[in-house]
Amino acid sequence: MGKADPEVMAAFQAVLDGPAEKIAYVAEYLPDVIDDKAAIRAGILRAFASRPERTEILVTGVRKLGVAPDDEELFRACYEADSLTEQSLYPDMWRRELIHTFPSRPEIRELAIAELRRRDGNIGAISHNFGNDPGMCARILGVVAPLPTTARLTLVNHVEAAAQSSDPALALLNRARFDTDGAACGTAIMGWSEVNIAKGSFDKDKEAYLVEELDAIGPEYEHRRAAGVIGLGMADRLEAFSTAKDRQGQSRSIRIGSLSLMSKDDRYFRRLLPLWKRFAMALGGDNEVLERLELSAETSLSVLNPGIENADHVFELLTATIPTAHHVKKYDHVEVVARFRPESDRLRELIMPIVLTHAKGYGQTNADTWAAMVAADLFADQFSNQPALLRQVVECFEEDPTRSCAAAALAEVTLRRHQPDIVNLLKERGSPRAVELAAAFKVLSAVSTADKIIDALFWLLEEAKHETIFWNCAYWTPSLLRRIERDPDIGDRMIEAVEGAPSESAAISLLALAGGSSKGRVKHRAFFASEMERIGAAIAPPVGYDVTSSSNRLALHVLQEILT
């Protein structure tokens, strides 16, 4: 087919000789069918002059035609055919084809550098065409292997602080607004807004940028929208948001609540709280702020913290909705009351029913376990010094040793203040198999010997049939670390057990636990250093599950953390 078929050749020749705007749709196939390069070149130039919508197809045709890079007329026609900056589909595809077609041109190298700075730029085309350019390779690596998100956020925060008095720092902050990570990008947008407002340089163009971010699309758009509305609030320019409508004609909303829930941080919420009255005035009241920013008890309690202006007011607003809310996690409710109303009757009335009734049983979910373990910790911290309440919990456990929360609460009590009567009770009546896994490890941490604790860890890491999400390590490893801090001999025994550990996970968890106490880090520093040297020389670096972080980690990273 193709050149061998007279009808195909005639059809393509007719297009080449026909209206210029039609050539753009077949330009990439013309060199495959027609041999007259001069005629194709002339036709493509004519098509460029007609300003077609699909310019990338014409550029592809030029590449397949094999035109020399120094053909200035044809290069200019390609290079000036579309926008070098517009963030939409066709200009993006056109820039990609320019990079593929003219990589040796200095203008295209500059375009490639700009693409690397752009959110979702044409990195594939750049990597393919600049692999032999060391400078470009370094830039590409900076994009595909950036600093970890945590480090980038730390850097952005430091740059924001410096930008108040440093123009170079402000320029860096300006660039960071286009970071491909949503959290880093959103943090930079808010910081950039605040600095410009403080410096008196927040003008109409900067306001227009924030308004545009309210309609951001593409990856991480929720972060950009949230940062945009917070920036407008900082500038007291909320009119554009207050009157914005969605496609159904309803008031536009920004998902700050669900974004905070999914990202598990308060970066937007803590910037919003001092501006709450400003938002309430612009939007029509507290309920309107909750609705327009999609804030609810379900999404926002976990990231709401005291000590910020208006935080207490929003705490009362959100907790007042709990009786009618459908999906509020009990542990979120308990924890937020503990943060805002510690040692209060309100908190006591919330946790005591959990402490006295929660037991291992059919239908219990991980969320129920989390609430119970939080309640156990809070009871030990804030209410166990009340003899009547402590007696209630002891009697509850004596009556039914399968009550996981009561067992966990008593374990936490004796970890904080050694109480022989409670220790004996847990030893005599407690059974690890009768309570939930997290409660069992709390009790083990409180009353067992070092060897029994190590055996339990080995069982968990080697034989337990549970998925790791049901291990709930975050709720019992602090208890074990508390015991190791109090009884350093347990940490010593863990160090001795590292060599005979049955797996990398067991060894890594023992190292992390023994090194997690301040006394252990000092006493065994030489051991940790020698282990780090030995592991650093290994061909295959050991990787395993670390119970202290609830994640798989390199042993080298665990030791680096201990030693630093």
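Residues numbered from 1 in each chain as written. Predicted model: local features only at pLDDT ≥ 70, side-chain atom pairs only at ≥ 80, totals over all residues. Heavy atoms only, no water.

**Looking at the layout of surface pockets**
Line of reasoning, step 1. If you add up the space inside the largest pocket, you get close to 750 Å³.
Line of reasoning, step 2. Every residue lining the largest pocket is counted, 24 residues in all, and those nearest its centre are G142, R152, R175, A176 and D179.
Line of reasoning, step 3. Breaking the lining of the largest pocket down by element, the ones donating at least two residues are α8 (106-117), α10 (134-144), α11 (149-163) and α12 (167-176).
Line of reasoning, step 4. Counted by class, the lining of the largest pocket contains 13 nonpolar, 3 polar and 8 charged residues. (1 Å grid on protein atoms, 1.4 Å probe; cavity = no way out; pocket = protein on both sides within 12 Å on 5 of 7 lines; lining within 4 Å. Points joined across faces, edges and corners; volume = space filled by probe spheres on them. Helix = DSSP H or I, 4+ residues; strand = E, 2+ residues; numbered from the N terminus. Nonpolar A, V, L, I, M, F, W, Y, C, P; charged D, E, K, R; others polar.)

**Regarding the pairing of strand β2 (residues 551-554)**
Line of reasoning, step 1. Of the pairings in the sheet, the one linking strand β1 (residues 543-546) to β2 comprises 4 bridges and is antiparallel in character. In the strand pairing of β2, D546 is matched with S551.
Line of reasoning, step 2. Where β1 folds back on β2, the antiparallel hairpin that results is connected by 4 residues, among which S550 adopts a positive phi of roughly 55°. (Pairing = 2+ DSSP bridges.)

**Remarks on a nonpolar patch on the surface**
Line of reasoning, step 1. A grouping of L141, V143 and V144 is seen on the molecular surface, where their side chains present a nonpolar patch of about 250 Å² in accessible area.
Line of reasoning, step 2. Since its relative accessible area comes to 52%, L141 is described here as exposed. (Patch = residues over 30% accessible without salt bridge, like charges linked within 9 Å, V, L, I, M, F, W, Y side chains within 5 Å. Areas by Shrake-Rupley, 256 points an atom, 1.4 Å probe, with all protein chains shown as cover. Salt bridge = Lys/Arg side-chain N within 4 Å of Asp/Glu carboxyl O. Buried < 20%, exposed > 50% of the residue type's maximum accessible area, 1.4 Å probe, protein only.)

**Describing helix α4 (residues 37-49)**
For the α-helix, the turn length of 3.6 residues means that residues three or four positions removed from each other point alike.
Line of reasoning, step 1. Across its 13 residues, α4 extends 18 Å between first and last C-alpha, which sits within 8% of the 18 Å expected from 1.5 Å per residue.
Line of reasoning, step 2. For α4, the full list of buried residues reads I40, G43, I44, L45, A47 and F48.
Line of reasoning, step 3. As for α4, its buried residues are in contact with α1 (6-17), α2 (20-23), α3 (30-33), α5 (55-65) and α6 (72-79).
Line of reasoning, step 4. One side-chain oxygen at the N-terminal end of α4 lies 3.3 Å from the backbone nitrogen of A38; it belongs to D36. (Expected span 1.5 Å × (residues − 1). Contact = heavy atoms within 4.5 Å. Polar contact = N/O pair within 3.5 Å; in protein donor to acceptor, adjacent residues only side chain to side chain.)

**With respect to unusual backbone geometry**
Line of reasoning, step 1. Not every positive phi belongs to a glycine, and D236 is a case in point at roughly 55°.
Line of reasoning, step 2. You can see D236 is positioned in the loop between α15 (221-234) and α16 (239-242).
Line of reasoning, step 3. For D236, a relative accessible area of 45% puts it in the partly exposed group.
Line of reasoning, step 4. Of note in this structure, E294 is not a glycine but carries a positive phi near 50°.
Line of reasoning, step 5. Tracing the backbone shows E294 in the loop between α20 (286-292) and α21 (297-300).
Line of reasoning, step 6. Look at E294 and you get partly exposed, because its relative accessible area is 31%.

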